[in-house]
Every structure is written in structure tokens, then in C-alpha cells.
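A structural walkthrough
Here are the chains, one letter per residue:
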Amino acid sequence: MLVTISSGNSVDEVCRALWHFMHYIEGKYSFRVQKLEYARCEDGYKSILLESEDEGLLALQGTHLWRCQSPFRPKHKRKNWYFTLSIQSEIKVKCIDTSKVVYQTMKSPKKGGQHVNTTCSGVRAIYPPLRVEALSYDERSQHRNKAIALTRLIAKIKEHEKMQKMAKQNELWKEGKLLERGNAIKVFEGVGFREVRA
């Protein structure tokens, strides 16, 4: 699953809360950091993207509150700093169904060489579900070109799906920046980021 922790409008105090929260969850849950967006202030994050299989994180989904006098603006009246944690299912790269690959043979467009344009040794491999294709004219053997075209096609499909996964992650990343205040799941207090009852 993908876990997005967001400061919303990236106020320095909330960014500091995210920095504290990251330290809070580090020893309690298992995850891999996918993306960190650093804040202007020292020891602060605007947003965090994690990848995890730890289902304990599901209990943290929602709004969190840090009650603390601003470490950046001592005379500021506001003491409640909200941030959110949202979870989405991870986007899996699908397996490639090679039975759906369509092959077309053709003459080589290369110039010169004995019999280079007399046989249909070139191969185009097409994967209709994604409209991705790859070519091979590398070898004189149609059978060998078919294998090369398939290898290239699989590489293109993997790259295509990787780009789709990244686009989806960026979309989730942006969605996670929408912040809802109130009804905090967890409440933390003071510069020591001490957990208290909500």
C-alpha cells in the first residue's frame, strides 16, 4: 500500500510536525520511503510518500494534531497544527500475456547486402491491449528477429506500465495534500511531540 503524509498548505509548523511524526512511526511500523518533499524550515517535510505492507498503519489513516507553541513564531496565537495520513492500494504492474502478442513480418528497410530485401525476415511485435509495438531487423533469421522483437516489446511494456505507476503515485501525492481539520486520530503535544489522548 502507498501511504501519503501531508502538511496540506506547507506551513512551517505543520512541516515540523511531519518531521516529528516520521520519527514517531520509524520504530513502530515497517515501510520504505518512496519520496520526501523537504520544507523551507530546518527539520521539516512538506509531504512524505511511503510504501508498506504493515497493516498497522491503517489505524493511522486520517487527520492528526500537534498542539504546540510555534517554534518559528513565538507570539503566534495558533497552537493547533493539523496534518493527514492517507492510504491507497499499491498499483501493481500487470503480467504480460504473450499469447496476445501479434506478429507481422516484413522486408528489411536496410540498404545493401546480399538478399537483404528479398525475404521477409523483419518482424514487428504488437501488443494490442496497450497499443505498444517493437521491431527487429537485426538478424537474417525471421525466427531470431521474432525473439528479439518480443524481448524489446516486453521491455517497452514494462516501461509503459512503470510510467503509468509513477503517474498514479503523483496523482495520489497531490490528492494527499488536501487537508481536513478536526476529528484527530492521534494528538501530540509540545516540542517533544508527546502522544496524548485525542
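Quick look at the structure, then.

Thresholds, definitions, all that
Residues numbered from 1 in each chain as written. Predicted model: local features only at pLDDT ≥ 70, side-chain atom pairs only at ≥ 80, totals over all residues. Heavy atoms only, no water. Pairing = 2+ DSSP bridges. Helix = DSSP H or I, 4+ residues; strand = E, 2+ residues; numbered from the N terminus. Axes fitted to C-alpha atoms, helices over the stretch in contact; angles between N-to-C directions. Contact = heavy atoms within 4.5 Å. Polar contact = N/O pair within 3.5 Å; in protein donor to acceptor, adjacent residues only side chain to side chain. Buried < 20%, exposed > 50% of the residue type's maximum accessible area, 1.4 Å probe, protein only.

1. Brief notes about the sheet that holds strand β1 (residues 2–6)
What holds strands together in a sheet is hydrogen bonding between their backbones, with the strands either parallel or antiparallel. On the basis of which strands lie adjacent, the open sheet formed by seven strands has the order β2-β3-β1-β5-β4-β9-β10 and mixed pairing. Of all strands in the sheet, those with a lone pairing partner are β2 (32–38) and β10 (194–196), marking the two edges. Mean inter-strand twist for the sheet, computed between neighbouring axes without regard to direction, equals 20 degrees. Two strands pair when backbone bridges link them, and β2 and strand β3 (residues 45–51) are joined in this way by six bridges, in the antiparallel orientation. Bridge pairing links Arg32 to Glu51 in β3.

2. Structural notes on the environment of Glu133
For Glu133, the position within the fold is in strand β8 (residues 132–136). For the pair Glu133 and Leu150, spaced 17 residues apart in sequence, the C-alpha to C-alpha distance is 9.1 Å. Among all residues touching Glu133, those that are not within four sequence positions of it are Arg124, Ala125, Ile126, Leu153 and Lys156. There is a polar contact of 3.1 Å between the side chain of Glu133 and the side chain of Arg124.

3. Some details on the pairing of β1
Where burial is concerned, most of β1 is hidden: five out of the five residues are buried. The sheet contact formed by β1 and β3 spans five bridges and is antiparallel. Across the sheet, residue Thr4 finds its bridge partner in β3, namely Leu49. With five bridges joining them, β1 and strand β5 (residues 80–88) adopt antiparallel strand pairing. Residue Leu2 lies in a different strand from β5, and its bridge partner there is Gln88.

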